[in-house]
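Residues per chain, in single letters:
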There are 2 protein chains.
Amino acid sequence: MRFLITGGAGFVGSNMADRLLRDGHEVVVYDNFTTGMRRFLASAMENERFRLAEGDILDRPALTRAMAGCDFVFHFAANADIRNNLDHPDFVFEQNARGTFQVLEAMRAAGVRRIAFSSTGSVYGEPEVFPTPETCPFPVQTSLYAASKAYGEGMITSYCGGYGFTGYIFRFVSLLGERYPHGHVFDFVKRLKENPASLQILGDGHQRKSYLYIGDCLDAILTVIGQDDPGVHIYNLGTDEYCEVRDSASWIAARMGLQPEFTFTGGKRGWVGDSPFIYLDTAKIRSTGWKPRLTIRQAVERTVDYLTENPWLLEARK
Amino acid sequence: MRFLITGGAGFVGSNMADRLLRDGHEVVVYDNFTTGMRRFLASAMENERFRLAEGDILDRPALTRAMAGCDFVFHFAANADIRNNLDHPDFVFEQNARGTFQVLEAMRAAGVRRIAFSSTGSVYGEPEVFPTPETCPFPVQTSLYAASKAYGEGMITSYCGGYGFTGYIFRFVSLLGERYPHGHVFDFVKRLKENPASLQILGDGHQRKSYLYIGDCLDAILTVIGQDDPGVHIYNLGTDEYCEVRDSASWIAARMGLQPEFTFTGGKRGWVGDSPFIYLDTAKIRSTGWKPRLTIRQAVERTVDYLTENPWLLEARK
């Protein structure tokens, strides 16, 4: 099969590209390199089944041309900067809401009718049910980022009903692993390299977070889309455990061989719109036979190892 | 208070404008007259507390200027053509998704922080719980129209949390009454005037629908916003009854003094994405003390009377 991956030079997209190439597929990566990294595509570039199409998802004609002959689209391109989304609402709207719309319209124009979409566990807002199942009560959105992802879901499900698309929607917890380019594990590693003696943590450190290893995430996605059922498919992706930010900070320090003093800014949230707890019910994805191979601690440690071995990435991102 | 009403020359907006003027408020109507009607503003135009600002909600600078000095925004402008939304996805995206975003950004720029929004009972998709409460299970969107409205809700609730807005979100059933400009009661009246002998009904006629009289809708909105609570407020608006399309067709015919033969195209849905049943739990809005004054049949009859007395409207809309 030939797959097009939007945001294919990013964390999730480039890992998926490598996996699909390894499995014998053809891959077109579509990326504007705003946050994507050419170095993430180094090994893919050596494969004759790989093609890079540099462009913006808002450029519908270019995106349509890139999709020619493709069977399936992974739509991973997005502004994933949840934390600062209030500082640039236009960017969130354009990249996530209008971007997803342009991807769907390009698919319609190119005759591609299967899509997998990276949504987020934050579409549940501040849920009252933990672990949170896909069918929890209609959530109230609390961030522009999550609202734009929920809209992406809504457009995709409408295209399934209205235009005969098949849609796979994955609500991720935060992902960790090779090429992990932002978020609090990244920040902690970067700051501990700069100052091994102390680390300031936003909030009271008791914010609970759930993580999933990127390799386990790809396994889950490929399991689901391999079933090739028509219609709409919505899955939470996560592990059955969670940790506190304090835990992950101490695992990171230990893996780096450091004993920093931790300080806390206080408060239950790291920032406005920060969900104090994302913990997803994964019974549905587990019913396919999939299960994660790495614990959260193992995923954190593998991420620390990767960043330690790839200091260029710490330097490349602010 | 000074209110700005987007879509203020439309069905809901112009009725709200008249009501607010009657109650002694200042009103700015912002409308591009794509579907709005100047005749709906005839009496408002005679009031010195009324001002018309002609413009498109996508023109953020013009909208920001029109909001200067306003205390509150009613955002009613939208592409409300649910039935044909698959024929013009760009228009739905621009007018509903990007339009609502521009309204919110204009408010932020103009320093207006209170908004009421016309959402829709169709955000519930194809619910499994009837009557459907605001907290039903996370719905799967089935139309581009409803998905765009759900996104409008999500942006508004995010602006409440992120920028200190106060948001009032109303999920309407279909509305009826004076100035009702489209939908099946309109179509039936128009077609029966053209051919009093027979009426073809899409679907099997057993589609169940709930309606609310526009005057009752305005009462509910004004009751809720009058409480002036900060934060997010989401209310279903409807009656505690429903009817079948067959019922409303027969009420319309009877009110017009006709005895047409009814024919049916068959099938459970009138069109792709048509929700076979929208019936909302209104316990929350009733807990404010509000209740509707007109039954569905009375609302249908009042609509028939209005359209009979205003044949220009039947001619003005295809």
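For the structure itself, consult the block above.
Treat the numbers as computed from the prediction; the structure is a model and nothing was measured.

Draft legend 1. Expanded view of the relation of the copies chain A and chain B. For the pair chain A and chain B, the superposition axis carries a translation of 0.0 Å, the fit reaches an RMSD of 0.0 Å, and the rotation angle comes to 180°. What we have between these two chains is a two-fold relation. The share of interface residues of chain A whose copies in chain B are also at the interface is 100%, consistent with both copies meeting through the same surface.

Draft legend 2. Looking closely at the side chain of Thr239 of chain B. Residue and element names in this part refer to chain B. Within the secondary structure layout, Thr239 lies in the loop between strand E11 (232-237) and strand E12 (243-244). For Thr239, a relative accessible area of 3% translates into the label buried. For Thr239, the side chain forms a polar contact with the main-chain oxygen of Tyr211, separated by 3.2 Å. Ignoring any residue separated from it by four or fewer positions in sequence, one finds Thr239 in contact with Ser210, Tyr211, Leu212, Tyr279, Leu280, Thr282, Pro292, Leu294 and Ile296.

Draft legend 3. Representation of the sheet that holds strand E5 (residues 114-120) of chain A in the model. Residues and elements named next belong to chain A. Read from one edge of the open sheet, 7 strands run E3-E2-E1-E4-E5-E6-E11, paired in parallel fashion. Where the open sheet ends on each side, the last strands, each with one partner, are strand E3 (50-54) and strand E11 (232-237). Neighbour to neighbour, the strand axes of the sheet diverge by 15° on average, direction disregarded. Where strand E2 (residues 26-31) and E3 come together, 5 bridges link them in parallel fashion. Its bridge partner lying in E3, Asp31 is registered against Glu54. Helix H1 (residues 11-22) contacts strand E1 (2-6), E2, E3 and strand E4 (72-75) of the sheet and is inclined by roughly 170° relative to E1. Packed on one face of the sheet, helix H6 (residues 214-226) meets E1, E4, E5, strand E6 (166-172) and E11 and runs near 155° to E6.

Draft legend 4. Region of interest: the nonpolar core. Counting 72 residues, the largest nonpolar core has Met16, Phe74, Phe170, Ile221, Ile225, Leu237 and Ile252 of chain B as its most contacted members. Among the elements that take part in this core, helix H6 (residues 214-226) of chain B stands out by supplying 8 residues, more than any other. Met37, Leu41, Leu237 and Leu280 of chain A belong to the second-largest nonpolar core, a separate cluster that totals 71 residues.

Draft legend 5. Region of the structure containing the pattern of salt bridges. Residue and element names in this part refer to chain A. Taken as a whole and judged by the stated rule, the model has 34 salt bridges over all chains. Asp23 serves as the salt-bridge partner of Arg22, at 3.6 Å between the closest nitrogen and oxygen. Overall, the relative accessible area of 63% leaves Arg22 in the exposed class. Its salt-bridge partner being Glu105, residue Arg108 comes within 3.0 Å of it at the nearest N-O pair. Here Glu105 and Arg108 lie together in helix H3 (residues 89-110), a separation of 3 residues that amounts to about one turn. Taking relative accessible area as the criterion, Glu105 reaches 6% and is therefore assigned buried. It is possible to trace a salt-bridge network through shared partners that takes in Arg19, Asp216, Asp219 and Arg293.

Draft legend 6. Layout of the environment of Thr100 of chain B. Residues and elements named next belong to chain B. Summarising the element assignment, Thr100 is placed in helix H3 (residues 89-110). The spacing of Thr100 and Glu153 is 53 residues in sequence and 9.2 Å in space, taken between C-alpha atoms. Every residue in contact with Thr100, bar those within four places of it in the chain, is listed here: His75, Gln95, Phe117, Gly152 and Met155.

Draft legend 7. Broad picture of the packing of aromatic side chains. By the definition in use, this model includes 31 aromatic pairs over all chains. Centre to centre, the rings of Phe170 of chain A and Tyr235 of chain A are 6.3 Å apart; their planes meet at 20°, and the pair counts as stacked. In this pair, Phe170 of chain A is assigned in strand E6 and Tyr235 of chain A in strand E11, connecting sequence segments 65 residues apart. Here the aromatic residues Phe93, Phe101 and Tyr151 of chain A together with Phe93, Phe101 and Tyr151 of chain B are joined through ring pairs into a cluster of three or more. If you follow Arg38 of chain B out to its NZ or CZ, it ends over the ring of Phe33 of chain B, 3.9 Å from the centre.

Draft legend 8. A look at the environment of Cys160 of chain B. Residue and element names in this part refer to chain B. Inspection of the secondary structure puts Cys160 in helix H4 (residues 144-163). A sequence separation of 37 residues divides Cys160 from Val123, and the C-alpha atoms of the two residues are 20 Å apart. Apart from residues lying up to four places away in sequence, Cys160 is in contact with Phe165, Thr166, Gly167, Gly231 and Val232.

Draft legend 9. Summary view of the interface of chain A and chain B. Residue-level contacts link 39 residues of chain A with 39 residues of chain B. Regarding the contact of chain A and chain B, the summed buried area is about 2,900 Å², with carbon and sulfur atoms giving 69% of it. Summed over the three residues of chain A that lose the most area to chain B, namely Phe93, Phe138 and Tyr151 of chain A, the buried surface amounts to 26% of that side. For the pair chain A and chain B, the interface holds 2 salt bridges. Of the charged contacts in the structure, one is a salt bridge between Arg60 of chain A and Asp90 of chain B, with a shortest N-O distance of 2.6 Å. Counting the contacts that link chain A with chain B gives 10 residue pairs in polar contact (both at pLDDT 80 or more). Listing elements by their share of the side of chain A that touches chain B, those giving two or more residues are H3, helix H4 (144-163) and E11 of chain A. The greatest single-element share of the side of chain A that touches chain B, amounting to 12 residues, is contributed by H4 of chain A. Residue composition of the side of chain A that touches chain B, by class: 21 nonpolar, 10 polar and 8 charged.

Draft legend 10. Quick look at unusual backbone geometry. Residues and elements named next belong to chain A. Here Phe130 and Pro131 are connected by a cis peptide whose omega angle stands at -15°. For Pro131, the position within the fold is in the loop between E5 and H4. The phi torsion at Arg179 lies on the positive side, around 75°, for a residue other than glycine. Mapped onto the elements of the fold, Arg179 is located in the loop between strand E7 (174-176) and helix H5 (184-194). The class of Arg179 is buried, set by a relative accessible area of 13%.

Draft legend 11. Empty space enclosed by the protein, seen in detail. Tallied over the entire structure, the rule returns 3 cavities of 30 Å³ or more. Around the largest cavity sit 24 residues that line it, and Phe138 and Ala150 of chain A together with Phe138, Gln141 and Ala150 of chain B are the ones nearest its centre. Among the secondary structure elements, those contributing two or more residues to the lining of the largest cavity are H4 of chain A together with H4 of chain B. Residues of the lining of the largest cavity, tallied by class, amount to 14 nonpolar, 6 polar and 4 charged.

Draft legend 12. Expanded view of H3 of chain B. Spanning 22 residues, H3 of chain B covers 30 Å between terminal C-alpha atoms, matching the ideal 32 Å at 1.5 Å per step. Downstream of H3 of chain B by one or two residues, Gly111 of chain B has phi in the positive range, about 75°.

Analysis parameters
The written sequence of each chain sets the order in which its residues are numbered from 1. Whichever chain is written first is A, and whichever ligand is written first is 1; the rest continue in order. Thresholds applied to this predicted model are a pLDDT of at least 70 for local features of residues and 80 or more for the giving and counting of side-chain atom pairs; totals over whole chains, interfaces and linings are not thresholded and use all residues. Hydrogens and water are ignored here; the side-chain numbers use all heavy atoms of the structure. Least-squares superposition of the copies uses the C-alpha atoms of those residues scoring a pLDDT of at least 70 in each of them. Whether two residues are in contact is decided by their heavy atoms: any pair within 4.5 Å suffices. Each helix is a run of H or I in the DSSP string that is no shorter than four residues. Each strand is a run of E no shorter than two, and both are numbered from the N terminus. Relative accessibility thresholds used throughout: buried, under 20% of the residue-type maximum; exposed, over 50%; partly exposed, between the two (1.4 Å probe, protein chains only). Pairing of N or O atoms within 3.5 Å defines a polar contact, subject to two protein rules: one partner must be a possible hydrogen donor and the other a possible acceptor, and residues neighboring in sequence count only if both atoms are side-chain atoms. At least two DSSP bridges between two strands are needed for those strands to be called paired. Lines fitted to C-alpha atoms define the axes, with helix axes restricted to the stretch in contact, and inter-axis angles between N-to-C directions lie between 0 and 180 degrees. For the purposes of this section, nonpolar cores are sets of buried Ala, Val, Leu, Ile, Met, Phe, Trp, Tyr and Cys residues that join through side-chain atoms within 4.5 Å. We define a salt bridge as a contact between a side-chain nitrogen of Lys or Arg and a carboxyl oxygen of Asp or Glu at a distance within 4 Å. Aromatic pairing here means that ring centres of Phe, Tyr or Trp (its six-membered ring) are within 6.5 Å. Orientation follows from the plane angle: under 30 degrees is stacked, over 60 is edge-to-face, and everything else is tilted. Geometrically, a charge over a ring is one whose NZ (Lys) or CZ (Arg) sits within 6 Å of the ring centre while staying within 35 degrees of the ring normal. What gets called buried area is simply the loss in accessible area from a 1.4 Å probe that two parts show on being joined, summed for both. Gly falls in the polar group here, along with every residue not listed as nonpolar (Ala, Val, Leu, Ile, Met, Phe, Trp, Tyr, Cys, Pro) or charged (Asp, Glu, Lys, Arg). Cavities and pockets were defined on a 1 Å grid built from protein atoms only: a cavity is a group of points that admits a 1.4 Å probe but offers it no way out, a pocket is an open group of points flanked by protein on both sides within 12 Å along at least five of seven lines, and a lining residue is one with an atom within 4 Å of any such point. Grid points are joined across faces, edges and corners, and a volume is the space filled by probe spheres set on the points. To estimate the expected span of a helix, subtract one from its residue number and multiply by 1.5 Å.

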